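Structural description and commentary
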Amino acid sequence: MTGAGTVDDAEIAKFGAMAAEWWDPAGKFRPLHEMNPCRMGYIAEQAAAEFGRDLRTRAPFAGLAAVDVGCGGGLAAEPLARLGASVTGLDMAGESLDIARAHAAASGLEIDYRLESAEAAAARGARFDLVIALEIVEHVADVPAFLDALSALAKPGGMVILSTLNRTPESFAAAIVGAEWLLRWLPKGTHDWRKFPTPKELEAALGLAGLEVVDAKGMAPDPMRGGWRLVESLRVNYLMTAVKPG
């Protein structure tokens, strides 16, 4: 499905062109590799609390169905599978899905990767306990329609978790000037700062989609220990958790 609904063909092409580097921690997706332990830790804690799971057990998410919308090469789908969830990965860049499938197979993980949009999956009746959409809402063509699709994918009582960037001077400095212009971690034009949703805008849009926001946390680089850490400030990168009333 291209050229309709929430899919932005130009955005898909950008990420498809970089697909070969998905699992290179020093490549174009370096920021996501550095951020991933932080955001996956947040997702695991939120889901464990919502579904009454003990993260100290061997497969705490066994029996839960999860979908990673805009899964790319599988950086988030694979940790969810290792936690025991039954994972589906959706993406519209076939090149990324090829990389994701090969990496999952080499890792001994069973993940159902599909060349499919969120709204198409919802239309065929796919439903999940946990829906995640990481660093994608700022790349879709129609944010309200995209959030409607995420809501439709969630079962009653299910959880939706997103991560994105706030539209602030700080985010412009970090994501555009820093990551694209100076450090050149990403090609110029990867992000459009005007499409970054503020937390208030995202919370309001999630509410209109029938979801109740229950938590939000910021993420920031941790220069002392390396990687990233959760922070209270939502000024740059942030995560937001919503639940679908049962």
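Going by the structure above, here's the rest.
First, a word on scope: everything that follows refers to the structure included in this document. All of these numbers come straight from a predicted model, not from anything done at the bench. (Residues numbered from 1 in each chain as written. Predicted model: local features only at pLDDT ≥ 70, side-chain atom pairs only at ≥ 80, totals over all residues. Heavy atoms only, no water.)

1. Brief notes about the nonpolar core
If you look at the biggest cluster of nonpolar residues, it comprises 34 residues, and the most contacted ones within it are I43, F61, L80, I111, Y113, L130 and I132. Top contributing element to this core by residue count: helix 2 (residues 30-51), with nine residues. Beyond its immediate chain neighbours, meaning those up to four positions away, L80 contacts M40, I43, F61, A66, A85, V87, L130 and I132. Ranked by size, the runner-up nonpolar core spans 31 residues in total, among them V160, L202, L206 and A209. (Core = buried A, V, L, I, M, F, W, Y, C linked by side-chain atoms within 4.5 Å. Buried < 20%, exposed > 50% of the residue type's maximum accessible area, 1.4 Å probe, protein only. Helix = DSSP H or I, 4+ residues; strand = E, 2+ residues; numbered from the N terminus. Contact = heavy atoms within 4.5 Å.)

2. Section: the side chain of S171
In this fold, S171 is placed in helix 7 (residues 169-182). In this structure S171 comes out as buried when scored by relative accessible area, which is 0%. A distance of 2.9 Å separates the side chain of S171 from the backbone oxygen of T168, its partner in a polar contact. (Polar contact = N/O pair within 3.5 Å; in protein donor to acceptor, adjacent residues only side chain to side chain.)

3. Description of the pairing of strand 2 (residues 86-91)
The buried fraction of strand 2 amounts to five of the six residues, a majority that puts the element mostly inside the structure. Bridge count for strand 1 (residues 65-69) against strand 2 is five bridges, and the pairing is parallel. Residue pairing in the sheet places A65 in a bridge with S86 of strand 2. For the segment spanning strand 1, helix 3 (residues 77-82) and strand 2, crossover handedness is right-handed. Note: strand 2 against strand 3 (residues 112-115), four bridges, orientation parallel. By the bridge assignment, L90 is partnered in strand 3 with R114. (Pairing = 2+ DSSP bridges. Right-handed = clockwise from strand over helix to strand, strands pointing away.)

4. What to know about the packing of aromatic side chains
Counting across every chain of the model gives one aromatic pair. A ring pair is formed by W22 and F29, whose centres lie 3.7 Å apart and whose planes are at 5°; its orientation type is stacked. One exposure class covers both W22 and F29, and it is buried. (Phe/Tyr/Trp six-rings, centres within 6.5 Å; stacked < 30°, edge-to-face > 60°.)

5. Some points on the side chain of T164
One can find T164 in strand 5 (residues 154-165). For T164, the side chain forms a polar contact with the side chain of E138, separated by 2.8 Å. Sequence-distant contacts of T164, that is, excluding residues within four places in its chain, are made with E135, V137, E138, P197, L202, V236, N237 and Y238.

6. Some words on the sheet that holds strand 6 (residues 212-221)
Either a parallel or an antiparallel arrangement is found when strands of a sheet pair, and the pairing is made through backbone hydrogen bonds. Taken in spatial order, the eight strands make up an open sheet running 3-2-1-4-5-8-6-7, and their pairing is mixed. Edge positions in the sheet fall to strand 3 and strand 7 (228-231), since each has one partner strand and no second. The average angle at which neighbouring strand axes cross in this sheet is 20°, direction not considered. Bridging between strand 6 and strand 7 involves four bridges; their strand directions are antiparallel. Paired with G218 across the two strands is V231, which belongs to strand 7. Of the strands in this sheet, strand 2 and strand 3 are in contact with helix 4 (residues 94-106), which crosses strand 3 at around 170°. Contacts between helix 6 (residues 143-153) and the sheet are confined to strand 1, strand 4 (128-134) and strand 5, with strand 5 contributing the most and set at about 140° to the helix. (Axes fitted to C-alpha atoms, helices over the stretch in contact; angles between N-to-C directions.)

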